[in-house]
Amino acid sequence: MNAMDRTIEVLEEDRLRADLYNFLGLILARPPDQTLLDQAAGLSGDATEIGQAIGALATIAGRSSPRSVESEFNRLFIGLGRGELLPYASYYMTGFLHEKPLASLRSDLASHGIARSENVFEPEDNIASLMEVMGALIIGRFGAPTPLDVQRDFYNRHIAPWACHCFADLEAAKSSVLYAAVGRLGRLFMEIETEGFRLSAA
C-alpha cells in the first residue's frame with residue numbers, strides 16, 4: 001500500500017463532529033471571551049433535539065457577558081479550594097484524582113504522539129482536554145486523521161464511561177447558566193457519538 005492509499009479523507013460530517021468537539025473543548029477549558037461568546041451566539045440549530053440545544057446555547061450566549069461567565073466558570077470549576085464540579089475521568093471513574101484512568105490515557109496519548117503542553121498544568125483527563133483530543137484525532141491535527149475504529153477505541157476507553165454523566169452534572173449544577181446549556185449540548189452529543197460508534201462496530 002502506498003502513501004496515497006493510506007490517505008484518509010475527512011468527510012464533511014466528520015469535520016462537523018470535530019468542530020463540535022473543539023468548541024466544547026474551548027468553552028470548557030477557560031471562561032469564554034467576547035469573541036467566543038459572539039461565535040456561540042451566532043450558532044443556529046435545526047428542529048432536532050441537539051439542534052434545539054445549540055439554539056438554546058446561542059440565545060444564552062447572546063445575553064451573557066465575559067465577566068458574568070467568568071464568575072460562573074470559577075464557581076463551577078475552581079471555587080474556594082475546589083469548584084462545584086471535578087470534570088476529570090479519574091474522579092468520575094474511581095472517585096479520586098490522578099488514578100489509573102489518567103495513567104491509561106497518558107499511555108494512549110503517547111501512542112498518538114500527543115503530549116501535554118509545558119504551560120498546561122491541568123491533568124490530561126479533564127473533559128476539556130479530551131474534547132480537544134477527539135476533535136484533533138478526527139481531522140488529524142497531530143498527524144494523519146485517525147480511522148473510525150481508532151476514534152471509537154479512544155472514545156470508548158476514555159470518554160464513554162463518564163462524559164455523559166459529567167455533562168449531565170454540568171447541566172444540573174446550581175451555578176450553571178450558560179454552562180447548563182453547554183452541559184445539555186455536550187450530553188446530547190455524547191449520546192449521539194456513543195450510539196454512532198456502537199452502530200459502526202456492529
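Residues numbered from 1 in each chain as written. Predicted model: local features only at pLDDT ≥ 70, side-chain atom pairs only at ≥ 80, totals over all residues. Heavy atoms only, no water.

What about the overall build of the protein chain?
To be explicit about the condition: Every helix listed is a DSSP run of H or I at least four residues long, and every strand listed is a run of E at least two residues long, numbered separately from the N terminus. The size measure is the radius of gyration over C-alpha atoms, and the globule rule it meets is 2.2 Å times the number of residues to the 0.38 power. For the purpose of counting charges, residues Lys and Arg are taken to be positive, whereas Asp and Glu are taken to be negative. His and the chain ends are not included. In plain terms, the charge of a residue is placed at NZ if it is Lys, CZ if Arg, CG if Asp and CD if Glu.
When helices and strands are counted, the protein chain shows eleven helices and zero strands. Along its sequence from the N terminus, the protein chain presents helices and strands in the succession α-α-α-α-α-α-α-α-α-α-α. Relative to its length of 202 residues, the protein chain is compact, with a C-alpha radius of gyration of 17 Å against a globular reference of 17 Å. Each principal axis of the C-alpha distribution contributes one length, and for the protein chain these read about 55 × 40 × 35 Å. Treating the 18 positive side-chain charges of the protein chain as one cloud and the 27 negative ones as another, the clouds have centres 4 Å apart.

Considerations on the packing of aromatic side chains
Stated precisely, the cut-off is as follows: Classification of ring pairs uses Phe, Tyr and Trp, with its six-membered ring standing for Trp, and accepts pairs whose centres are within 6.5 Å; under 30 degrees between planes counts as stacked, over 60 as edge-to-face, and the remaining range as tilted. We call a residue buried when its accessible area falls under 20% of the maximum for its residue type, exposed when it is over 50%, and partly exposed in between, using a 1.4 Å probe and counting protein chains only.
Inspection of every chain in the model, using the stated rule, returns seven aromatic pairs. Measuring from ring centre to ring centre gives 5.0 Å for Tyr 155 and Phe 197, while their planes differ by 45°; the resulting arrangement is tilted. Taken together, the residues span a long stretch of sequence, with Tyr 155 in helix α9 (residues 148–158) and Phe 197 in helix α11 (residues 178–201) at a distance of 42 residues. Each member of the pair, Tyr 155 together with Phe 197, is buried.

Some thoughts on the nonpolar core
Here is the rule we go by: Among the buried residues, those of types Ala, Val, Leu, Ile, Met, Phe, Trp, Tyr and Cys that are joined through side-chain atoms within 4.5 Å form a nonpolar core.
Formed by 50 residues in total, the largest nonpolar core has its most connected members in Leu 28 and Tyr 179. Counting residues per element, this core draws most heavily on α11, which supplies nine residues.

Examining the confidence of the model for the protein chain
As a reminder, the rule being used: Each residue gets a pLDDT score, which is the predictor's confidence in that residue and runs from 0 to 100. The contact rule is simple, with two residues in contact once any of their heavy atoms fall within 4.5 Å.
Mean pLDDT over the protein chain works out to 92, with 96% of the residues at or above the 70 mark. Below pLDDT 50 for its whole length, residues 1–6 participates in one contact with residues either more than four positions away or in separate chains.

Let's talk about the environment of Glu 70
Position of Glu 70 relative to the elements: it lies in helix α5 (residues 66–77). Between the C-alpha atoms of Glu 70 and Ser 129, which are 59 residues apart in sequence, the distance is 19 Å.

Looking at the side chain of Asp 125
To be explicit about the condition: Polar contacts, as used here, are pairs of N or O atoms within 3.5 Å; protein pairs need one atom able to donate a hydrogen and one able to accept it. Residues neighboring in sequence count only if both atoms are side-chain atoms.
Checked against the element boundaries, Asp 125 lands in the loop between α7 (100–111) and α8 (127–139). From its side chain, Asp 125 meets the backbone nitrogen of Ser 90 in a polar contact 2.8 Å long. When sequence neighbours within four positions are dropped, the list of residues in contact with Asp 125 reads Pro 87, Tyr 88, Ala 89, Ser 90, Leu 102, Leu 105, Leu 130 and Trp 162.

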